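Structural characterization, general
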Amino acid sequence: MAELFTNIGFVKELAATADNMYRLGWDERNGGNISYLIPEEEVERYFNPDHVLRTIPLGFDAKELIGKYFLVTGTGKYFKNVSKDPETNLGLFRIAKDGKTAELLWGYADGGKFTSELPAHLMSHIQRLKVDPENRVVMHTHPTNLLAMTYVHELDSAKFTHTLWQMSTECVVVFPDGVEVLPWMLCGTNSIGEATAEKMKESRVVVWALHGIYGAGKTLDETFGLIETVEKAAQIYMLTAHLPRVNTITDDQMKELANLFGVKVKNGILR
Ligand code: 2HA
Ligand code: ZN
């Protein structure tokens with residue numbers, strides 16, 4: 001039975017995403033975490049919703065998400081191990097009627113629990129669902145170049161966004177809502193969760209300075225692609241920041257791109 005569960009589409013999909021992220025060097029040791037909202041009818045194809053293995057306190061109030069199911073990476077677990085042993089490294093739970101408890105239906109097989117960053121994940125889901133009812137994914141990871149960039153670039157969100165947009169032609173089209181940057185904050189807390197969710201009102205990408213990134217989207221592919229694009233831009237920045245800039249993408253060119261692709265760019269960034 002356990003083996004059967006590892007063949008479920010959404011479990012395989014999340015494991016493949018963790019593999020890709022690990023392979024790119026973004027998720028050293030237990031770095032990174034993913035939460036994936038699974039529609040009730042999908043869950044009920046495989047699981048008896050009345051069969052709760054155990055309950056785990058959330059540590060905050062997620063009443064907006066009561067009854068929703070999430071597949072989430074485990075605390076202390078390594079991305080490199082997810083596809084080898086999904087049942088230990090992932091868990092599928094429902095937010096209980098009190099809004100403050102996770103009802104585990106599958107996973108965390110060694111007695112573990114969800115990521116320490118669950119507040120930032122669930123608070124971000126709540127926020128993104130208000131902006132986009134189809135949002136299903138929140139992803140946190142430590143992309144190398146993006147992290148490096150937060151050591152050498154001003155942390156002003158508008159300036160950071162403008163620099164990233166200049167770093168490759170497709171950026172303004174892939175993340176027209178830009179990135180929002182948070183200063184260094186203590187991770188794993190409700191306060192960084194609240195700050196992240198607040199930023200998620202404005203943007204699907206939130207940078208945690210000197211730590212990593214949060215991305216949100218409708219699918220795992222889309223969210224991974226979003227972070228991949230931001231990270232590629234940061235890589236170009238880190239490859240060129242110390243060299244004289246001879247050429248650049250101008251604001252007018254970015255406006256032309258936005259017009260061509262029909263995207264609305266965040267206000268206050270292009271002149
Ligand atoms: O869970 O990345 O931010 C490991 C982390 C914490
Ligand atoms: Zn982290």
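Everything in this summary refers to the structure shown in the same document.

1. Some words on a nonpolar patch on the surface
- Side chains of Y151, V152, W184, L186 and L210 sit close together on the surface and give an oily, nonpolar patch of about 580 Å² of accessible area.
- By relative accessible area, L210 is classed as partly exposed at 35%.

2. Section: the environment of W165
- Within the element layout of this structure, W165 appears in helix α7 (residues 157-166).
- Residue W165 is classed as buried on the basis of its relative accessible area of 1%.
- On a C-alpha basis, the gap between W165 and N267 in space is 14 Å, while along the polypeptide they are 102 residues apart.
- What W165 contacts, discounting residues up to four positions off in sequence, is C171, V172, F175, P176, G178, I249, M254, V265, K266, I269 and L270.

3. Some details on the coordination of the zinc ion (ligand 2)
- Donor atoms from the polypeptide that coordinate the zinc ion (ligand 2) comprise H140 (NE2), H142 (NE2) and H211 (NE2), at 2.1 Å from the metal.
- Given the relative accessible area of 1%, H140 is considered buried.

4. As for the site of ligand 1
- Around ligand 1 sit N30, G31, G32, N33, E117, H140, H142 and H211, and those are all the residues in its vicinity.
- In the environment of ligand 1, an oxygen atom lies 3.2 Å from a nitrogen or oxygen atom belonging to the side chain of H140.
- A distance of 3.0 Å separates an oxygen atom of ligand 1 from a polar side-chain atom of H142.
- In the shell around ligand 1, the residues fall into no nonpolar, seven polar and one charged.

5. What to know about the sheet that holds strand β4 (residues 90-95)
- One open sheet holds the nine strands; their spatial order is β2-β5-β4-β3-β1-β6-β9-β8-β7, and the pairing between them is mixed. With partners counted over all chains shown, the strands left at the sheet margins are β2 (54-57) and β7 (179-182), one partner each. Across the sheet, the axes of successive neighbouring strands diverge by a mean angle of 25°, strand direction being ignored.

6. Concerning the pattern of salt bridges
- Throughout the structure, instances matching the rule amount to 11 salt bridges.
- One salt bridge in this structure joins D61 and K63, with 3.9 Å as the shortest N-O distance.
- By relative accessible area, D61 is classed as partly exposed at 37%.
- Given a relative accessible area of 53%, K63 falls into the exposed group.
- Among the ionic pairs, E103 bridges to R94, the shortest N-O distance being 2.8 Å.
- By relative accessible area, which is 14% here, R94 ends up buried.
- Through salt bridges with shared partners, a single network forms among E180, K199 and K266.

The rules behind each value
- Numbering of residues begins from 1 in every chain and follows the order in which that chain's sequence is written.
- Whichever chain is written first becomes A and whichever ligand is written first becomes 1, with later ones labelled in order.
- Residue-level local features of this predicted model are given only where pLDDT is at least 70; pairs of side-chain atoms are given and counted only at 80 or more, and the full residue set underlies all totals for whole chains, interfaces and linings.
- The basis for the side-chain values is all heavy atoms of the structure; hydrogens and waters are excluded.
- Patch membership requires more than 30% relative accessible area and the absence of a salt bridge. Residues of like charge join within 9 Å; the nonpolar side chains Val, Leu, Ile, Met, Phe, Trp and Tyr join within 5 Å.
- In short, Shrake-Rupley with a 1.4 Å probe defines the accessible areas, and a residue's cover is counted only from the protein chains shown.
- Here a salt bridge means any side-chain nitrogen of Lys or Arg lying within 4 Å of a carboxyl oxygen belonging to Asp or Glu.
- We call a residue buried when its accessible area falls under 20% of the maximum for its residue type, exposed when it is over 50%, and partly exposed in between, using a 1.4 Å probe and counting protein chains only.
- Helical segments are the DSSP runs of H or I of at least four residues, strand segments are the runs of E of at least two, and each set is numbered from the N terminus.
- In what follows, a contact means two residues having at least one pair of non-hydrogen atoms within 4.5 Å.
- Excluding water, the donors of a metal are its N, O and S neighbours within 2.8 Å, or within 3.2 Å for Na, K and Ca, and that exclusion means sites may look incomplete.
- To be near a molecule or strand, a residue needs just one of its heavy atoms within 4 Å of it.
- For the purposes of these results, a polar contact is taken to be a pair of N or O atoms within 3.5 Å, where, inside protein, one atom must be able to donate a hydrogen and its partner to accept one; residues adjacent in sequence count only when each atom of the pair is a side-chain atom.
- Here the nonpolar group is Ala, Val, Leu, Ile, Met, Phe, Trp, Tyr, Cys and Pro; Asp, Glu, Lys and Arg are the charged ones; every other residue, Gly included, is treated as polar.
- By this definition, two strands are paired if DSSP reports at least two bridges between them.
- For helices, the fitted line uses only the C-alpha atoms of the stretch in contact; every axis is such a line through C-alpha atoms, and the angle between N-to-C directions lies from 0 to 180 degrees.

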